[in-house]
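# Coordinates in review
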Amino acid sequence: MGAQELISALRKTADEQVRQIWNDAEAEAGKFKADAERRKEKLNTLAKGQPSAEAEEYERSVVRQAAMKARNIRLKAEAALSHGLYAKARASLPTLRQGHDHGFFPELTAELPALAWKTVRVNPADVDLASRSFPDAEIVPDETISGGMDVASQDEAVRVVNSFEKRLERAWPELMPEMMRDVHEQTGNNEPAVGP
C-alpha cells in the first residue's frame, strides 16, 4: 500500500468536505474580524480622529481578541478536517484491494517474523490465501481488516498487526501534514493555524 495511492484516493473523496470546512471557518473568522473593524471605527468616530491612549489600547485589545478567536476557529477546523480525512482514509482502504489480485498478501506475509503463528485474522476474501500461507494456524475471518493480517502466537505471547488499518495508523502522523499543506494550497489558504 503506497502513500501516493492513499493520498490520491483521499483527494478524490474529500475535496468537497475540505472546501466546506474551510469556507465555514473562514466565514466565522471573517465575522470576528469585521466586528473588530466595526469597534475600531466606532472608537475612532467617538474620538473624532484623535484617539486617546485608552481608546488605542482598547482597539489593540479588540483586535487581539478577534485574532485569537479567528485562530481558535481555524484550529478547530483543522482538527475537524484531520479527523475527517483520517475517517475518509480508513473508509477508502478496501479500494486498495481492487486490481491487485492479492499481490499485497504475500508481501505482507513475508514481513512477519518466522514464528509458529497460532491465530491469523484476515479479511474474509483472504481466508484461502491465509490457509495456504499459514497451514497450521487457525484462520479467523475479520471484516474489520481491509487487507493484511493480525497474527498471534500461542497464548498471544507475540502479536503482529500488519494490516492496511495499522499501516495507515502508523503513517498518519507523516501523511497528515502533507495533506494539510495540499488542503491549504487547494483552498488558497497558505496560513495554517498550527506551525510546521
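The present account deals with the structure reproduced in this document. Throughout this description, residue numbers start from 1 for each chain and increase along the sequence as written. Per-residue local features of the predicted model are confined to residues with pLDDT of at least 70, and side-chain atom pairs are confined, for both listing and counting, to 80 or more; whole-chain, interface and lining totals are unaffected and use all residues. Heavy atoms throughout the structure, all of them, feed into the side-chain values; hydrogens and water do not.

## Details of the overall build of the chain
By the criteria applied, helices consist of DSSP H or I runs no shorter than four residues and strands consist of E runs no shorter than two, each listed in order from the N terminus. A count of helical and extended segments in the chain gives five helices and four strands. Categorising residues by exposure relies on relative accessible area from a 1.4 Å probe, with only protein chains included: less than 20% of the type maximum marks a residue as buried, more than 50% marks it as exposed, and the intermediate range marks it as partly exposed. The buried share among the 196 residues of the chain stands at 36%. By the convention used here, residues are in contact when the closest approach between their heavy atoms is within 4.5 Å. Partitioning the contacts of the chain with sequence separation of at least 6, the portion at a separation of at least 24 is 65%. Only the protein chains shown count as cover for residues, and the accessible areas themselves come from Shrake-Rupley with a 1.4 Å probe. A total accessible area of about 12000 Å² is found for the chain, and carbon and sulfur atoms account for 51% of it.

## Section: the pairing of strand β3 (residues 148-152)
Most of β3 sits inside the fold, with five of its five residues counted as buried. With burial as the criterion, each face of β3 is covered, one bearing G148, D150 and A152 and the other bearing M149 and V151. Two strands qualify as a pair provided that DSSP identifies no fewer than 2 bridges between them. Pairing of strand β1 (residues 119-122) with β3, which is carried by four bridges, proceeds in the antiparallel orientation. Bridged to T119 within β3 is A152. Direction of pairing for β3 relative to strand β4 (residues 159-163): antiparallel, over a ladder of five bridges. Pairing of V151 across the sheet is with V160, part of β4. Between β3 and the antiparallel strand that follows it, β4, lie six residues; D155 among them carries a positive phi value of about 55 degrees.

## Regarding the environment of R90
In this structure, R90 sits in helix α2 (residues 53-92). Here R90 falls in the partly exposed class, since its relative accessible area comes to 36%. Note: C-alpha distance between R90 and K166 (76 residues apart in sequence) is 10.0 Å.

## Thoughts on the pattern of salt bridges
The salt bridge definition used is simple: a Lys or Arg side-chain nitrogen within 4 Å of an Asp or Glu carboxyl oxygen. One pass over the structure, following the stated rule, counts four salt bridges. Between D142 and R121 there is a salt bridge, and its shortest N-O distance comes to 3.7 Å. With D142 in the loop between β2 (138-141) and β3 and R121 in strand β1, this pair connects stretches of sequence that are 21 residues apart.

## Section: the nonpolar core
To define a nonpolar core, start from buried Ala, Val, Leu, Ile, Met, Phe, Trp, Tyr and Cys residues and group those joined through side-chain atoms within 4.5 Å. One finds F105, V120, F134 and M149 to be the most contacted residues of the largest nonpolar core, which totals 30 residues. If sequence neighbours within four positions are ignored, F105 has contacts with V122, D126, L129, A130, S133, F134, G148 and M149.

## Topic: unusual backbone geometry
Even without glycine at this site, D155 takes up a positive phi of about 55 degrees. Mapping D155 onto the fold places it in the loop between β3 and β4. At E156, a position not held by glycine, the phi torsion is positive, near 55 degrees. With respect to the helices and strands, the residue E156 is situated in the loop between β3 and β4. Accessibility expressed as a relative area gives 56% for E156, which makes it exposed.

## Here's the deal with the packing of aromatic side chains
Put simply, two rings from Phe, Tyr or Trp (the six-membered ring, in Trp's case) pair if the centres are within 6.5 Å, and we call them stacked under 30 degrees between planes, edge-to-face over 60, tilted for the rest. The final tally for this structure, using the stated rule, is two aromatic pairs. Between the aromatic rings of Y86 and W172, the centroid separation amounts to 5.2 Å while the plane-to-plane angle is 75 degrees, which identifies the pairing as edge-to-face. Here W172 lies in helix α5 (residues 164-187) and Y86 lies in helix α2, a separation of 86 residues in the sequence. Residue Y86 is classed as partly exposed on the basis of its relative accessible area, which comes to 22%. Accessibility expressed as a relative area gives 10% for W172, which makes it buried. Taking 5.1 Å as the distance between ring centres and 55 degrees as the angle between the ring planes, the aromatic pair formed by F104 and F164 counts as tilted.

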